[in-house]
Amino acid sequence: MSEPTLLLADGGNTAPFQPLRPRMIRSAADARTAYESEVNRHAWWVALAADGLRHLVALRPRASRAGCLLVLKPVSPQRRAFVDTLFADVLAPAEPDGFLSARELVDVFRSPNAEDLFIGGDVDLADRVVILYRGNLHRIAVPFDWFKTRRGAPKPDFKDFAITDSGQTVRLGDYEAAADAILYEFDAGARRRMNQRAIREDQSFGGALRRLRLQRGVSRTAFPGIDAKTIARIERGEVETPHEATLAVIAKLLGVEPREIATY
Amino acid sequence: MPFSLRLPRSLERQGWKVKIRDRERLEPPHVSIIRGTRVWRVDLRTGKFMDIEPDAADVAGEVKAEVYGAWVMLQQRWDAIYPGNPVQSKENDNE
């Protein structure tokens, strides 16, 4: 991370954050000076506990909000509404385990692939989505349905959510999903980075189609109007340029645009 | 339920984990070696490390020995979690 880190330190252990060389905010005056400084316009503010937020009360919101605030412990909706007036983005999970531990959080921020790791999240039971926070503080929303289960296996428990393995695993009760599997499906940029890192013997269009088809759990016999042999031939690279109409059918069933198939 | 390979305590203390989770990238079947923010994927069909980064040389020899020592069991665990894409693919390529 290149942005300055400002630590609202009241009520928490600051030691794990020292590798980030944070500026400590211990009073309303500290907060005002830091908030008004242009250098800190895009800073990441971290509140170790809700207590630290009291130093923000005297701030006058910028004309255009900037910066990001992470609140590591749950806050009231009212306090959340207040800090929303000050920052462009606020990450404040509703549950106590909504973030990684402080030490793991710092490890992610210092990692060269921070954007491909998760630091925390929230579960929206009403809308049936898991909202995941990435190491670059961007969000990604994953529908409950994506967390597939097989017969006889434990189902994901969406009321028991945690990020584990230093941001590499999403745990839902006894169920675990790999962070890279989520990002591979939901973020084309992450997929590109992962493909660049992979030692891939089969970089053909057919190889990509096979990976995507298996990822979606779709049989070769499932494509309406297309013979399974044709799918097999495309996957083996025996069909140089699949017909546009064929690709459209394949893409529709796999839930992607035709041009996206090759990115898998 | 995910599968975690039981490692000697000394390796666990160093933060090593070996896992097959309930939702992974499916192709090819693989096992993940995890330490901190880094992960190495090992192809369960070929035994090869699948990614250029991080460097496979950074995985402790003892961890590699544990993984290859439990190879058949890891393949079986993968097949149990992902029967639709088993290590020895039953999919008929000529269908």
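Residues numbered from 1 in each chain as written. Chains lettered and ligands numbered in written order. Predicted model: local features only at pLDDT ≥ 70, side-chain atom pairs only at ≥ 80, totals over all residues.

Asks: Outline the overall build of chain B, supporting the account with residue identities and numerical values.
Replies: Within chain B, the regular secondary structure consists of three helices and four strands. Tracing chain B from N to C terminus, the helices and strands come up as β-α-β-β-β-α-α. Its C-alpha atoms give chain B a radius of gyration of 13 Å, within 12% of the compact-globule value 12 Å for 95 residues. Seen along its three principal axes, the alpha-carbon backbone of chain B occupies a region of about 45 × 30 × 20 Å. Counted over contacts in chain B with a minimum sequence separation of 6, partners at least 24 positions apart contribute 39%. (Helix = DSSP H or I, 4+ residues; strand = E, 2+ residues; numbered from the N terminus. Rg over C-alpha atoms; globule rule 2.2 N^0.38 Å. Contact = placed C-beta atoms within 7 Å.)

Asks: Lay out the overall build of chain A with the relevant residues and their values.
Replies: For chain A, the helix and strand inventory stands at eight helices and 11 strands. When the backbone C-alpha atoms are referred to their principal axes, chain A occupies close to 70 × 40 × 30 Å. Expressed as a percentage of its 264 residues, the buried residues of chain A come to 35%. Summarising the internal contacts of chain A: among those between residues at least 6 apart in sequence, 52% fall at separations of at least 24. (Buried ≥ 20, exposed ≤ 12 C-beta atoms within 10 Å, placed from the backbone.)

Asks: Any chance you could break down the confidence of the model for chain B for me, citing the residues and the numbers?
Replies: Reading fine detail from the predicted coordinates is not recommended where pLDDT is low. For chain B, per-residue confidence averages 93 on the pLDDT scale, and 94% of positions sit at 70 or higher. Interface confidence for the predicted complex, expressed as ipTM, amounts to 0.93; the pTM equals 0.87. (pLDDT = per-residue confidence, 0-100.)

Asks: Got a sec to walk through the interface of chain A and chain B? Specific residues and values, please.
Replies: At the junction of the two partners, chain A supplies 35 residues and chain B supplies 25 residues. Secondary-structure elements contributing two or more residues to the side of chain A that touches chain B are helix 3 (102-110), strand 11 (175-178), helix 4 (179-186), helix 6 (205-216) and helix 7 (228-235) of chain A. Of the residues belonging to the side of chain A that touches chain B, the class tally is 15 nonpolar, seven polar and 13 charged. (Nonpolar A, V, L, I, M, F, W, Y, C, P; charged D, E, K, R; others polar.)

Asks: Any details on the environment of Thr241(A)? Residues and values, ideally.
Replies: With respect to the helices and strands, Thr241(A) occurs in the loop between helix 7 and helix 8 (244-254). On a C-alpha basis, the gap between Thr241(A) and Phe205(A) in space is 9.5 Å, while along the polypeptide they are 36 residues apart.

Asks: Pulling in residues and values, what's your account of the nonpolar core?
Replies: Of all hydrophobic cores here, the largest spans 52 residues; its most connected members are Leu8(A), Val46(A), Ala47(A) and Ile119(A). When residues of this core are assigned to domains, at least three fall in each of domain 1 (5-91) and domain 2 (102-193) of chain A. Apart from the residues lying within four places of it in its own chain, the contact partners of Val46(A) are Thr5(A), Leu7(A), Leu8(A), Phe17(A), Leu70(A) and Leu72(A). Of all hydrophobic cores here, the second largest spans 16 residues; its members include Trp16(B), Val31(B), Val63(B) and Leu74(B). (Core = buried A, V, L, I, M, F, W, Y, C linked by C-beta atoms within 7 Å. Domains from an automatic or database assignment.)

Asks: Provide a residue-level description of the environment of Glu176(A), including the pertinent values.
Replies: By the element assignment, Glu176(A) lies in strand 11. Classification of Glu176(A) by C-beta neighbours within 10 Å gives buried; the count is 26. Note: C-alpha distance between Glu176(A) and Arg110(A) (66 residues apart in sequence) is 24 Å. In this view, Glu176(A) contacts Thr169(A), Val170(A), Arg171(A), Pro2(B), Arg21(B) and Asp22(B); residues no more than four positions away in its chain are not counted.

Asks: So what about the sheet that holds strand 9 (residues 161-164) of chain A? Which residues, and what values?
Replies: Hydrogen bonds between backbone groups are what pair the strands of a sheet, and the pairing can be parallel or antiparallel. All names here are of chain A. Spatially, three strands are ordered 9-10-11 in an open sheet, and the strand pairing comes out antiparallel. This sheet does not close on itself; its edge strands, each paired only once, are strand 9 and strand 11. Neighbour-to-neighbour, the strand axes of this sheet turn through a mean angle of 25°, independent of strand direction. Those strands touched by helix 4 are strand 10 (169-172) and strand 11, and its axis lies near 55° from that of strand 11. (Pairing = 2+ DSSP bridges. Axes fitted to C-alpha atoms, helices over the stretch in contact; angles between N-to-C directions.)

Asks: Give me the lowdown on the sheet that holds strand 2 (residues 16-20) of chain B, citing residues and values where you can.
Replies: Residue and element names in this part refer to chain B. Spatial ordering of the open sheet is given by 1-2-3-4, a layout of four strands whose pairing is antiparallel. With partners counted over all chains shown, the strands left at the sheet margins are strand 1 (3-4) and strand 4 (38-43), one partner each. Strand direction decides the pairing type here: strand 2 and strand 3 (residues 30-35), joined by four bridges, are antiparallel. Bridge assignment links Lys-19 to a residue of strand 3, and that residue is Ser-32. Where helix 3 (residues 71-81) meets the sheet, its contacts fall on strand 1, strand 2 and strand 3, and the angle it forms with strand 2 comes to roughly 45°.

Asks: Please give an account of the packing of helix 4 of chain A against helix 5 (residues 188-197) of chain A that cites residues and values.
Replies: All names here are of chain A. Packing of helix 4 against helix 5 brings their axes to within 6 Å, and their N-to-C directions diverge by 120°. Comparing the axis directions of helix 4 and helix 5 gives the class oblique. Along this stretch, helix 4 crosses helix 5, giving a crossing that reads as left-handed. Counting all contacts with helix 4, which are made through Asp-180, Leu-183 and Tyr-184, the residues of helix 5 involved are Ala-190, Arg-191 and Met-194. (Parallel < 35°, antiparallel > 145°, perpendicular 65-115°, else oblique. Left-handed = near helix turned anticlockwise from the far one by under 90°.)

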